[in-house]
Amino acid sequence: MKKVGKNIQKSDAISLVKGKPVYTDDLAPRESLIVKVLRSPHAYARIKNIDLNIALKVPGVECILTYKDIKRIPFTRAGQCYPELSAYDKFILDEYVRHVGDDVAIIAATTGKIAEKAMKLIKIDYEILDPILDFESAIDNKIIVHKEDDIFTKIPIGFEPKRNIAAKIDLQYGDMEKVLNSCDIVFNGTYKTQAQAQAMMEAQTTYTYLDHQERLTVVTSTQVPFHTRRHLARSLGIKTSKIRVIKPRVGGGFGSKQTSHSEFYPSLVTLLTSKPAKINYSRKDVFNGTTSRHKMQFKVTLGAMKNGEIKAIILDGLSDTGAYGEHAITTFGSAGKKVLTLYNKIEACHFKGKAVYTNNVPGGALRGFGVTQGTFAIESAINELAEKVNMNGVDIRNLNMIKQGETSPLYNMITKGAGKEPMYMDSCMLEECVKTGVSSIDWIRRINKVETNGSKKRGVGVAIAQQGSGLPNIDMASATLKLNDDGFFTLMSGATDIGTGSDLILKQIAAEVLDVKIDNINVYAADTDITPFDSGAYASSTTYTSGNAVIEAANKMKEMIISYGGKFYNTSNENIVFENEIIKNIKTGDSISLAEFSNKITYNLIHTQLIASGSFVPKKAAPPYMAGFADVEVDTETGEVWVADFYGVIDCGTVINPNLAKIQAEGGIVQGIGMALIEDVVYEKRGRLATDSFMQYKIPCRKDIGNIHVEFVDGNDETGPFGAKSIGEVVINTAAPAIIDAIYNACGVRIRELPASAEKILKALNNANN
Amino acid sequence: MKINITLNGEKKVFNANYDDYLIDVLRKNGYLGVKKGCDTGSCGACSVHMDGKVVLSCATLACRADGHEITTIEGVQNEATKIAKYFANEGVEQCGFCSPGTVMSILYLEKCIENPTDEEILHYLNGNLCRCSGYQGQLRAIRMYLEAKQDEKSW
Ligand code: FES
Ligand code: FES
């Protein structure tokens, strides 16, 4: 292969580093009205009265909108394919506010300062209600987060708002009771993961204007332009055809931009005033007014034999979806579906639980999308079980985990329209991942010996994980290739590069199929008016799903070039070969360069434009796998943990661009280390978020990170583009459980509730000593 | 009020309110390479040089820049291009949003320390957060950039 598997640089790399204006806020028209959102200071309240009289008098204020000015239309902000598996439980503005930071009023003014001044002069009379902040007491609480009757779901997901239940899950196979009774050991453990902030560097930003046809144009930092267009059409009550969504460069997403947020407000202002409008979220807005990883809790039951064979798993969970149910069922479902399949030898399995409403900031998508939470629970439990059966973390996994060519009935249960045929994981290289990690970290020696250096103890730990590659029979991507005069291509894609380098990945794939130079392809992504549909940067889907769509488009384009080559040389297609940007008539030996050929067919001879499109929807699960090994040092005097080395061994099939894949992996592992040790969302008593800036909410900085070693095993999935599977999400999943295991192996303290802060560890150490 | 700044070597006069932050004045006047990642001086995306020293422009009042020299990424395009090549080689400009601020800190580090150790690199750049890259690759890129510069010098 010439282009796939190579370290090619992104075409915009140099510009990005040089600070060229490419992000939404850089591009917004200077004359835009500045939009701000007044947010609720209360976790739960009814707005009794809003007095705008004084605020409206501030010179420069263009308009102030409250729920009284807006048509009441329930919708969901979740960026998912239609019909969404999320409740239509949100209104752009409502009489009730359901979390601190919920939107109350929209202010547009000529400058940000004027808008802020006006915001302070809005007088609101709230009827303050008691909130539910503890998700464990949400179900059937007398406080009901959503009392309104006009909210609903399009698909049954177990929605019972009057009981504070946003969604329910119940999946099982095998005779659980019987299997558990036959087990030598039944292990029970409860594990909790915290809400985690995406903390992408660029905040949500949108600007809007009416174009020359009076259509609403929305330029926005989003992962899901097509879904956002649909959300806007519904919530604003206008036709989809009247909206165009454009995505410029995006300064990071990690799921934060997979839910629409900042798009609604300037859109409303522009529709009302016909003027361009812009909103640039402050970091406070991001923390209070968007979403974070769902906080979850799992009770895990494992049934096993003395020899370590695992026969049954019960995963009983609870997810805090916060005030709104975006991605409630999908993240929660993934927490079991994409984790339990790892242990395919079990005879009985039960995955159940509920996602519940509270008056906390809503949960949403974040890299790993629930799988991270589920992996923490299951993998921690497996590590605890290992000890009970006198095995180590690697041996117990080698005995129980899925291996190449195996299957699990769960794959069929979780795949829409899967039928009865078992889905074999032919490309699963998990065994190889574990093996490689074992030798890299020197597992056998290290697991049998804790190193002590003064107050510091060092230990190793392990976890495995998988993810998906797009959602089978749901995610859909398409791509269009256009041959321009002078022989270069435009690749139009609805996929959104949020920093992952997916534009380049798609280009490499197209260049490989077409056998042309990388620079001969320009990627144009994503503009809902121009580029074909794509579900977006979503569900680990881009390389796999969009990549396959690009392959189809490129193959069709190749056929077209050959067939027009035949016309050009007046011969049958069999005589035409298209290679290395040359079209050759093998019968006569004549040849023409692609550049000359495209000029001729455009200007002189055939007068045609060659355009080819391809679409793809995954048909089966093609999970990437990973084994993570942590080597940590715990200071038993301070409780501080230092991840000295982390080894991530990954099977993502063929690696299309090793550099980009490696950085994806390193970045994901660091995000996982953050989740394991330091990142913590803290609420005050009445539901105010105490960690709503980077001062209080800590993400890892350079000095927090030890060495990270990333290795790829040689994999290949025949359904993937050139054998590739996804990479972006799986890389975060092993960090927390492996680190927690290593902490235990180092100092005997088992943390079951993330993050494993120094304080928690120290307390546990002290308890153990007393 | 009027603020006189020598900006990227040119004398400029800007209008600003007494409570405007430097980042807002810079961005308003077209210096869009200065990025805003937070509002609390915690992320480093807005790093610029003031009289040759790194400052956070989101935490510096514009009036404090009056009579001083300010350098933004726009003023160091050649230097940034050199660093950018090493970043691109490693693929560590993922979303790129943190990169201009990081470049400003690298340039300051170079000024302060002749031949920095990894420890020193991390120390000087610790205030520049990056959520995408995981830092390791950036360290590799910075090391290679600095080594190449050393080689050039010793020629
Ligand atoms: S924007 Fe200045 S430090 Fe974050
Ligand atoms: S590259 Fe995205 S924050 Fe650093």
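Residues numbered from 1 in each chain as written. Chains lettered and ligands numbered in written order. Predicted model: local features only at pLDDT ≥ 70, side-chain atom pairs only at ≥ 80, totals over all residues. Heavy atoms only, no water.

- If you look chain B up in an unreviewed UniProt entry, it shows as 2Fe-2S iron-sulfur cluster-binding protein from Helicovermis profundi.

- Per an unreviewed UniProt entry, chain A is named Molybdopterin-dependent oxidoreductase, and its organism is Helicovermis profundi.

Focus on the overall build of chain A
Now for step 1: Counting its secondary structure elements, chain A contains 21 helices and 29 strands.
Now for step 2: Along the first, second and third principal axes, the C-alpha set of chain A runs to 90 × 70 × 50 Å.
Now for step 3: Taken across its 770 residues, chain A has 65% of its residues classed as buried.
Now for step 4: Sequence-distant contacts, at least 24 apart, represent 79% of the contacts inside chain A between residues at least 6 apart.
Now for step 5: For chain A, the computed accessible surface area is about 26700 Å², with 49% contributed by carbon and sulfur atoms.
Now for step 6: The distance from the centre of the 90 positive side-chain charges to the centre of the 88 negative ones in chain A is 3 Å. (Helix = DSSP H or I, 4+ residues; strand = E, 2+ residues; numbered from the N terminus. Buried < 20%, exposed > 50% of the residue type's maximum accessible area, 1.4 Å probe, protein only. Contact = heavy atoms within 4.5 Å. Areas by Shrake-Rupley, 256 points an atom, 1.4 Å probe, with all protein chains shown as cover. Lys, Arg positive; Asp, Glu negative; His and termini not counted. Charge placed at Lys NZ, Arg CZ, Asp CG, Glu CD.)

A closer look at the nonpolar core
Residues and elements named next belong to chain A.
Now for step 1: Core analysis: the largest hydrophobic core is formed by 194 residues, its most contacted members being Ile92, Ile106, Phe629, Phe646, Ile739 and Ile743.
Now for step 2: If one sorts the elements of this core by residue count, helix α20 (residues 735-747) sits on top with nine residues.
Now for step 3: Not counting residues within four places of it along the chain, the set of residues in contact with Ile92 comprises Ile70, Phe75, Asp103, Ile106, Ser235, Leu236, Phe264, Tyr265 and Leu268.
Now for step 4: Residues Leu514, Val550, Ile576 and Ile583 belong to the second largest nonpolar core, which totals 43 residues. (Core = buried A, V, L, I, M, F, W, Y, C linked by side-chain atoms within 4.5 Å.)

Things to note about the interface of chain B and chain A
Quoted interface sizes are often the accessible area lost when the parts come together.
Now for step 1: The interface is formed by 54 residues belonging to chain B together with 53 residues belonging to chain A.
Now for step 2: Carbon and sulfur atoms make up 54% of the area that chain B and chain A hide from each other, which totals about 4400 Å².
Now for step 3: At the junction of chain B with chain A, the criterion picks out eight salt bridges.
Now for step 4: Viewed at the interface, chain A and chain B are joined by 32 residue pairs in polar contact (both at pLDDT 80 or more).
Now for step 5: Of all the secondary-structure elements, those providing two or more residues to the side of chain B that touches chain A are α1 (22-28), α2 (77-90), α3 (99-112), α4 (118-125) and α5 (136-154) of chain B.
Now for step 6: The leading source of residues in the side of chain B that touches chain A is α2 of chain B, at nine residues. (Buried area = accessible area lost by both parts, 1.4 Å probe. Salt bridge = Lys/Arg side-chain N within 4 Å of Asp/Glu carboxyl O. Polar contact = N/O pair within 3.5 Å; in protein donor to acceptor, adjacent residues only side chain to side chain.)

What to know about the pattern of salt bridges
A side chain of one charge can pair with a side chain of the opposite charge when the charged atoms of the two come close.
Now for step 1: Applying the stated criterion across every chain, the model contains 56 salt bridges over all chains.
Now for step 2: For Arg98 of chain A, the salt bridge goes to Glu148 of chain A, with nearest N and O atoms at 3.2 Å. Of this pair, Arg98 of chain A sits in the loop between β4 (96-97) and β5 (103-109) while Glu148 of chain A sits in the loop between β6 (123-128) and β7 (165-173), and the two are 50 residues apart along the sequence. Just as Arg98 of chain A is buried, Glu148 of chain A falls in that class too.
Now for step 3: Its salt-bridge partner being Lys168 of chain A, residue Glu160 of chain A comes within 2.2 Å of it at the nearest N-O pair.
Now for step 4: Among the ionic contacts, a cluster of salt bridges with common partners joins Asp25, Asp26 and Lys278 of chain A together with Arg27 and Lys35 of chain B.

Notes on the sheet that holds strand β3 (residues 47-50) of chain B
All names here are of chain B.
Now for step 1: One open sheet accounts for five strands, arranged β2-β1-β5-β3-β4; its pairing is mixed. Each having just a single partner strand, β2 (10-15) and β4 (53-56) make up the two edges of the open sheet. Averaged over all adjacent pairs, the angle separating strand axes in this sheet is 40°, with direction ignored.
Now for step 2: Across six bridges, the pairing between strand β1 (residues 2-7) and β2 is antiparallel. Considered in β2, the bridge of Ile5 is made with Lys12.
Now for step 3: Of the strands in this sheet, β3, β4 and β5 (68-71) are in contact with α3, which crosses β3 at around 40°. (Pairing = 2+ DSSP bridges. Axes fitted to C-alpha atoms, helices over the stretch in contact; angles between N-to-C directions.)

Digging into the UniProt feature "domain: Aldehyde oxidase/xanthine dehydrogenase a/b hammerhead" (unreviewed entry) in chain A
Now for step 1: Under the UniProt annotation, "domain: Aldehyde oxidase/xanthine dehydrogenase a/b hammerhead" (unreviewed entry) lies at residues 18-130 of chain A.
Now for step 2: Annotation note: span residues 18-130 of chain A, helix share 17%, strand share 30%, distance between end C-alpha atoms 50 Å. (UniProt positions renumbered as here; feature names shortened; annotations may be inferred.)

Side note on α5 of chain B
Now for step 1: Taking 1.5 Å per residue, 19 residues should reach 27 Å; α5 of chain B reaches 27 Å between its end C-alpha atoms and fits that length.
Now for step 2: For α5 of chain B, the complete set of buried residues consists of Gln136, Gly137, Gln138, Leu139, Arg140, Ala141, Ile142, Tyr145 and Leu146 of chain B.
Now for step 3: For α5 of chain B, the secondary structure elements touched by its buried residues are α18 (658-677) and β29 (707-712) of chain A together with α2, α3 and α4 of chain B. (Expected span 1.5 Å × (residues − 1).)

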